[in-house]
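Chain residues, written in single-letter form:
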Amino acid sequence: MTKEKPIRVGVVGIGHLGGYHLQKYAKIDGCKITALSDTEPERAKKAAELYGCEAFTDHRDMLDKVDAVSIAVPTGYHHAVARDFLAAGIDVLIEKPLCATVEEADDLLALAKKNNLVFQVGFVERFNPAVMALEKVITRPVFIEVHRLHPFFERGTDVDVILDLMIHDLDLILKFVDSPLTCVEAVGVPVLSDKIDISNVRLTFASGCIANVTASRISVKTMQKLRFFGPEGYHAVDTRKREILSLSKVMGADGKQQIIQNNIDISDHDPLEEEVRSFIGCVEKRSTPVVSGEEGRKSLALAEEILKKMKTHEDIPL
């Protein structure tokens, strides 16, 4: 019996995230890094030398070199780059957000479906050990409080903080609430860039759940916390520290309600490596990703609605 050929993989955009994708692919049996692309020739060359593959400055030169690809370019280029690979019959893992607009996302979704391709969106928090542990205890949240606060970096400021940071939490909220939205209220302002840098959003769902979400990229300290309140108790997830505090109410022997802390096992895996491994597993099995293109579209559509709501506040002086 002959050994199956490894999956040929590549990465487009060898910046902050693209470099990490290369690291993770290098650890996975069953795939081989064969090509990469970056618009900066020297950066592409150095990465190619490190991973023993071909380097290009035009991603289209990779189309006959790979079976699957990670796309980690700025959001404005997502649609054009991903479309080239999907049209060529290549499976795609694209970093969040899926695209700059829902219209662009729909075009890619249709193409991926037509060509029967694996199309995964890189919401790494879905693979966070604390978030995965939350799935074991959460039932029906009725109130959610979220803070994702980061110091300012130039990276990511090509889009508003909603698409840069908040979209991670929008994806998680939509997953755990699983109910139609009935109301979106949003405010946000630019501070250090020409895009929205800090925002607060209030989401109301048909189930009665309300989510209050704050995202900032102008904070002194980093905070990534989600707090879920529901009939079964309270669950606080720190995605940065990969920790979860889970409290439940139970009936004591004296007939009175008591609050107990749940003992929850949290694995010790690397979220991005788990995400990339999951993608390769889907490529091998031809299965639907944990975060499919359709899932990525949902959070993008919500982000668009939030940005639309913010326009009603543009006349408020800073």
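One can find the structure itself at the top, above this paragraph.
None of the values given here were measured: they were computed from a predicted structure.

(A) Fine view of a nonpolar patch on the surface. Taken together, the side chains of Val 191, Leu 192 and Ile 198 make up a nonpolar region of the molecular surface, amounting to roughly 250 Å² of accessible area. Relative to the assigned elements, Ile 198 resides in strand S9 (residues 198-205). Accessibility expressed as a relative area gives 31% for Ile 198, which makes it partly exposed.

(B) Fine view of the packing of aromatic side chains. Under the definition given, this model contains 3 aromatic pairs. With 5.7 Å between their ring centres and 70° between their planes, Phe 176 and Phe 228 make a pair best called edge-to-face. Separated by 52 residues along the polypeptide, Phe 176 in helix H6 (residues 161-177) and Phe 228 in strand S11 (residues 223-230) bring together distant segments of the chain. Residue Phe 176 is classed as buried on the basis of its relative accessible area of 10%. With a relative accessible area of 1%, Phe 228 lands in the buried category. Arranged with centres 4.9 Å apart and planes meeting at 45°, the rings of Phe 229 and Tyr 234 form a pair that is tilted. Chaining the aromatic ring pairs together yields one cluster made of Phe 143, Phe 229 and Tyr 234.

Cut-offs applied
- Residues numbered from 1 in each chain as written.
- Predicted model: local features only at pLDDT ≥ 70, side-chain atom pairs only at ≥ 80, totals over all residues.
- Heavy atoms only, no water.
- Patch = residues over 30% accessible without salt bridge, like charges linked within 9 Å, V, L, I, M, F, W, Y side chains within 5 Å.
- Areas by Shrake-Rupley, 256 points an atom, 1.4 Å probe, with all protein chains shown as cover.
- Salt bridge = Lys/Arg side-chain N within 4 Å of Asp/Glu carboxyl O.
- Helix = DSSP H or I, 4+ residues; strand = E, 2+ residues; numbered from the N terminus.
- Buried < 20%, exposed > 50% of the residue type's maximum accessible area, 1.4 Å probe, protein only.
- Phe/Tyr/Trp six-rings, centres within 6.5 Å; stacked < 30°, edge-to-face > 60°.

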